Amino acid sequence: MQRSTSCPSRGRYAPSPSGPLHLGNLRTALLAWLFARSGGGSFVLRLEDLDRARVRPGASEGIVRDLRWLGIDWDEGPDVGGPSGPYQQSDRLPLYRDHLNRLLELGLAYPCYCSRADGAIAASAPNGPLKESAGYTGACRDPELRASRRRSHPNREPVFRFAVTSGDQDVVDAVAGHRRFGLKSGQDDFVIWRAGGVPAYQLAVVVDDALMGIGQVIRGDDLLDSTPRQMALYLAFGYQAPNWAHVPIVRDAAGKRMAKRSSDEGLDGARARGCRTEEVVGALAASIGLVPDGTVCAARELLNEFNSARLVPQPGL
């Protein structure tokens, strides 16, 4: 039986196997592991591979290899199994479909036949801020307008949107503090199921974290703006939302976030230069303020003095 209640110290890391993990990914993985292990909690590895076009051969194995090289371990995951599996999203499609159907039955989701030309489809990137959906008119939320658009585009496969309730959504974050987001019905109705029968990030991540009993979500602060949408889904399903900690992401000298699609360096470059695990872990920890610059240490050594209040980006990674 899948879980639907969370443990406060149970954490996870959920990368996409779209290429090698860069140093920013690895630092977030280390922090997620530290949050969980320092609280005596279990840790889960999950692979978010729904976007099949972006999945690269061998990337999943490379992720497992790199995380283990850093000294990060997990209690459940695609390579070790566990009671909350499967641990690859592509194997969990029936669960997402069940949850979509629940929302449809509750009247909290609806098909949308608008096209990108209508200014209706928000960016698919999971870290898209709420303002990116501001161009949506909410047209398909109205049954008559929806029927009209369906007749106008009989061959168009719909996406499905969550019907947002207008109001403020408060997010209490262990790193970012208290944030308030304003949501508007129609305008902020976001996509939860894409054309082609693929669940969108917002739905999949909530279903996975809830059913896996994840009690704390540690991820990059580029995803902070996604949190109010996900909290709305937790409430709709009657699931307990996790505790949140959005940690600073690694940026290059120009202030640009690292991305797998660029030439940002991962562990292969560090290993090629002869760097030891302890040197890389120390550099990752120093780059976020956990230890002084030049510290050489194993991941386990950071557990004794881990303090999330120290998480301040430092130059030099």
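All of the points below concern the structure found in this document.

Details of the overall build of the protein
Next, step 1: The helix and strand inventory of the protein stands at nine helices and ten strands.
Next, step 2: Scored against the burial criterion, the 317 residues of the protein give a buried share of 50%.
Next, step 3: Taking the contacts inside the protein whose residues are at least 6 apart along the sequence as the reference set, 76% of them involve residues at least 24 apart.
Next, step 4: Surface accessibility of the protein: about 14300 Å² in total, with carbon and sulfur atoms responsible for 49%.

Some thoughts on helix α3 (residues 93-105)
Next, step 1: Taking 1.5 Å per residue as the helical rise, α3 with its 13 residues ought to reach 18 Å, and the 18 Å between its terminal C-alpha atoms agrees with that figure.
Next, step 2: Considered for burial, the residues of α3 that qualify are Leu95, Tyr96, His99, Leu100 and Leu103. Angular distribution of buried residues about the axis of α3 spans 135 degrees; they occupy a single face of the element. Summarising the geometry of α3, the exposed residues directed more than 90 degrees from the buried face are Pro94 and Glu105.
Next, step 3: Tucked inside the fold, the buried residues of α3 contact β3 (109-112), β4 (159-162), β7 (191-194), β8 (198-199), α5 (201-211) and α6 (227-237).
Next, step 4: Positive phi appears at glycine 107, one or two residues downstream of α3, with a value of about 75 degrees.

Comments concerning the sheet that holds β3
What links the strands of a sheet is backbone hydrogen bonding, and the strands pair in either a parallel or an antiparallel sense.
Next, step 1: The four strands are arranged β3-β4-β7-β8 in an open sheet whose pairing can be described as antiparallel. Each of the sheet's edge strands pairs with one partner strand only, and the pair in question is β3 and β8.
Next, step 2: Direction of pairing for β4 relative to β7: antiparallel, over a ladder of two bridges. Bridging from a neighbouring strand, arginine 161 pairs with valine 191 of β7.
Next, step 3: Sitting on the sheet, α3 touches β3, β4, β7 and β8, and the angle it makes with β7 is about 125 degrees.

Overview of the packing of aromatic side chains
Next, step 1: On inspection of all chains with the given rule, the structure shows four aromatic pairs.
Next, step 2: Residues phenylalanine 162 and phenylalanine 190 carry aromatic rings whose centres are separated by 5.4 Å and whose planes lie at 35 degrees to one another, so their mutual orientation is tilted. Taken together, the residues phenylalanine 162 in strand β4 and phenylalanine 190 in the loop between β6 (177-183) and β7 connect sequence positions 28 residues apart. Across the pair, phenylalanine 190 and phenylalanine 162 agree in class, each one buried.
Next, step 3: Measuring from centroid to centroid gives 5.8 Å for phenylalanine 237 and tyrosine 239, while their planes differ by 40 degrees, and the two rings are tilted.
Next, step 4: Overall, the relative accessible area of 13% leaves tyrosine 239 in the buried class.
Next, step 5: Between arginine 68 and the ring centre of tryptophan 74, over which it is positioned, the NZ or CZ distance is 4.1 Å.
Next, step 6: Stacked on the ring of tyrosine 136, the Lys or Arg arginine 161 has its end atom at 3.8 Å from the ring centre.

Considering the environment of arginine 92
Next, step 1: If you trace the backbone, arginine 92 turns up in the loop between α2 (59-70) and α3.
Next, step 2: Polar side-chain contacts of arginine 92 include one of 2.6 Å to the side chain of aspartate 208.

A few points about the pairing of β3
Next, step 1: Burial along β3 is two-sided: the residues Ala109 and Pro111 and Tyr110 and Cys112 are all buried.
Next, step 2: Here β3 pairs with β4 via four bridges, running antiparallel. Bridge pairing links alanine 109 to phenylalanine 162 in β4.

Remarks on the packing of α3 against α5
Next, step 1: Where α3 meets α5, the closest approach of the two axes is 10 Å, and the angle between their N-to-C directions is 105 degrees. When the axes of α3 and α5 are compared, the pair comes out roughly perpendicular. Of α5, the residues touching α3 (which contributes Leu95, Tyr96, His99 and Leu103) are Leu203, Ala204, Val207, Asp208 and Leu211.
Next, step 2: Of the residues that constitute the contact of α3 with α5, the class distribution is seven nonpolar, one polar and one charged.

Quick notes on the layout of surface pockets
Next, step 1: Counted as a void, the second largest pocket has a volume near 160 Å³.
Next, step 2: Taken together, Leu108, Phe162, Ala163, Val164, Thr165, Gly167, Asp168, Gln169, Leu183, Ala232, Leu235 and Ala236 make up the full set of residues lining the second largest pocket.
Next, step 3: Listed by contribution, the elements that provide at least two residues to the lining of the second largest pocket are β5 (167-173) and α6.
Next, step 4: Residues of the lining of the second largest pocket, tallied by class, amount to eight nonpolar, three polar and one charged.

Examining the pattern of salt bridges
Next, step 1: Evaluation of the coordinates by the stated rule reveals 16 salt bridges.
Next, step 2: Close ionic contact of aspartate 208 with arginine 92 constitutes a salt bridge, the shortest N to O distance being 2.6 Å. One end of the pair, aspartate 208, is in helix α5; the other, arginine 92, is in the loop between α2 and α3, with 116 residues separating them in the sequence.
Next, step 3: Among the charged side chains, a network of salt bridges with common partners joins Arg12, Arg46, Glu48, Arg92, Asp208 and Asp209.

So, the state of the cysteines
Next, step 1: Tallied over the entire structure, the rule returns zero disulfides.
Next, step 2: Cysteine 140 takes part in no disulfide bond, and the closest cysteine sulfur to it belongs to cysteine 114, at a distance of 3.7 Å.

Some points on unusual backbone geometry
Next, step 1: Residue proline 86 is bonded to the preceding glycine 85 through a cis peptide linkage, with omega at 5 degrees.
Next, step 2: The residue proline 86 is located in the loop between α2 and α3 in this model.

Criteria and cut-off values
- Residues numbered from 1 in each chain as written.
- Predicted model: local features only at pLDDT ≥ 70, side-chain atom pairs only at ≥ 80, totals over all residues.
- Heavy atoms only, no water.
- Helix = DSSP H or I, 4+ residues; strand = E, 2+ residues; numbered from the N terminus.
- Buried < 20%, exposed > 50% of the residue type's maximum accessible area, 1.4 Å probe, protein only.
- Contact = heavy atoms within 4.5 Å.
- Areas by Shrake-Rupley, 256 points an atom, 1.4 Å probe, with all protein chains shown as cover.
- Expected span 1.5 Å × (residues − 1).
- Arc of directions from axis to C-beta.
- Pairing = 2+ DSSP bridges.
- Axes fitted to C-alpha atoms, helices over the stretch in contact; angles between N-to-C directions.
- Phe/Tyr/Trp six-rings, centres within 6.5 Å; stacked < 30°, edge-to-face > 60°.
- Lys NZ or Arg CZ within 6 Å of the ring centre and 35° of its normal.
- Polar contact = N/O pair within 3.5 Å; in protein donor to acceptor, adjacent residues only side chain to side chain.
- Parallel < 35°, antiparallel > 145°, perpendicular 65-115°, else oblique.
- Nonpolar A, V, L, I, M, F, W, Y, C, P; charged D, E, K, R; others polar.
- 1 Å grid on protein atoms, 1.4 Å probe; cavity = no way out; pocket = protein on both sides within 12 Å on 5 of 7 lines; lining within 4 Å.
- Points joined across faces, edges and corners; volume = space filled by probe spheres on them.
- Salt bridge = Lys/Arg side-chain N within 4 Å of Asp/Glu carboxyl O.
- Disulfide = S-S within 2.5 Å.

Note that every value here comes from positions in space, so none of it alone points to a role or purpose.
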